[in-house]
Amino acid sequence: MANFPPKLSREALAAAGEKAIASRRERALVKKMLADGSLNIFEAINDARDSIQRMRVRDLLDAAPGIGERRAFTIMEKAGISHSRRIAGLGAHQLRKLRDEMILNKVPINEGTLIVMSGPGGVGKSTITSHLRNHPSVLVSVSVTTREPRENEIDGRDYHFITEEKFDQMIARNEFLEWAEFAGARYGTLRKSVEDGRSIGKHVLLEIEIAGARQIRKAEPEALLVFISPPSWEDLVERLTSRGTDSPERRAARLALAEEEMACASEFDEVLVNHRVEDVAATLLSLASSRSK
Ligand code: 5GP
């Protein structure tokens, strides 16, 4: 038997209608802002709102000043983007191509901000990172490490797991923006991933320890260095000790390290207290956006 669409109640229909009107309004505003130059194409592409993500790339290009219909057509063709492609469906390769075409056509593009997030173990950095992972304006950098993968970790998603020998070769080839040793293993940030992400307007997020953050401060003085702090020392002790699987010695070592890490907070541009992950993630995004040039 055929599946009929469910009958919507009068209230549900009214709500759907209102949502559609709000979406249309948001899209119209984006087009207007593109036209008057207060928004550029990559800022629109990085806007997480559903209504914007559903816009066709073609409509964005048509709305932007100085491109024109014919050039928009050529740009899309050269970047391999089909006429009906929506923003949400753009792949990293297409975004890079689109960027190259924009540069050739002298259309301004903002570089994303490099965000460095550090803080003591157990403060919730990885939950904040997971929260930002699917945001269109953020690219979470995948580090290289010589440590063994843990259970549930996937090569290429959590880290690129490599040998000590390969790590040495990568240092020699200057492939790291920074690298450091931590708890007997080495960890490094890939220079190329950071550059590629920022060049297509993404804010690139590094979740790294403090020695690495200091190197970034030197190498990229305009980076945004954010320290995540627990609501209180007692709160952190509770989080670190409630894991339960550590020996008393290991627990003492983790607490001592956390104390050392907490003492470095003042070296960072911003200290965010992790009361609520959603709030920290939102603040990080707004700080990053106000910095991108
Ligand atoms: P874990 O082994 O628990 O994943 O990470 C240990 C520490 O290394 C954490 O503080 C983490 O933030 C840091 N880390 C992860 N990737 C990098 C990196 O690329 N560079 C530096 N300097 N630290 C990293």
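Just so it is clear, the model here is predicted, and its values are computed rather than measured. (Residues numbered from 1 in each chain as written. Predicted model: local features only at pLDDT ≥ 70, side-chain atom pairs only at ≥ 80, totals over all residues. Heavy atoms only, no water.)

## Here we look at the packing of helix α7 (residues 125-133) against helix α13 (residues 277-291)
- The geometry of α7 relative to α13 is characterised by a closest axis approach of 9 Å and an angle of 65° between their N-to-C directions. Considering only the axes of α7 and α13, their crossing is right-handed. Contacts from Thr127, Ile128, His131 and Leu132 of α7 reach α13 at Val277, Glu278, Val280, Ala281, Leu284 and Leu285.
- When grouped by side-chain class, the residues that make up the contact of α7 with α13 number seven nonpolar, two polar and one charged. (Axes fitted to C-alpha atoms, helices over the stretch in contact; angles between N-to-C directions. Helix = DSSP H or I, 4+ residues; strand = E, 2+ residues; numbered from the N terminus. Left-handed = near helix turned anticlockwise from the far one by under 90°. Contact = heavy atoms within 4.5 Å. Nonpolar A, V, L, I, M, F, W, Y, C, P; charged D, E, K, R; others polar.)

## So, the pattern of salt bridges
- On inspection of all chains with the given rule, the structure shows 22 salt bridges.
- Aspartate 50 is paired through a salt bridge with arginine 54; the nearest N and O atoms lie 3.0 Å apart.
- Residue arginine 147 pairs with glutamate 153 through a salt bridge whose shortest N-O separation is 2.8 Å.
- Among the residues examined, arginine 147 registers a relative accessible area of 14% and is labelled buried.
- Via salt bridges that share partners, Glu111, Arg198, Glu220 and Glu222 belong to a single interconnected network. (Salt bridge = Lys/Arg side-chain N within 4 Å of Asp/Glu carboxyl O. Buried < 20%, exposed > 50% of the residue type's maximum accessible area, 1.4 Å probe, protein only.)

## Here we look at the side chain of glutamine 94
- Secondary-structure assignment places glutamine 94 in helix α6 (residues 92-104).
- For glutamine 94, a relative accessible area of 13% translates into the label buried.
- Among residues more than four places away in sequence, those in contact with glutamine 94 are Ala79, Gly80, Ile81, Arg85 and Gly89.

## Let's talk about the domain arrangement of the chain
- Split into domains, the chain comes out as domain 1 (13-104) and domain 2 (114-291).
- In this assembly, nine residues from domain 1 lie in contact with eight residues from domain 2.
- Area buried by domain 1 at its contact with domain 2 is led by Asn46, Arg96 and Arg99, which between them contribute 62% of it.
- Linking domain 1 with domain 2 are zero salt bridges, by the criterion used here.
- In this structure, the connection of domain 1 to domain 2 is made through three residue pairs in polar contact (both at pLDDT 80 or more).
- Taken together, the elements giving at least two residues each to the side of domain 1 that touches domain 2 come down to α2 (41-45) and α6.
- Considering each element in turn, the side of domain 1 that touches domain 2 owes the most residues, three residues, to α6. (Domains from an automatic or database assignment. Buried area = accessible area lost by both parts, 1.4 Å probe. Polar contact = N/O pair within 3.5 Å; in protein donor to acceptor, adjacent residues only side chain to side chain.)

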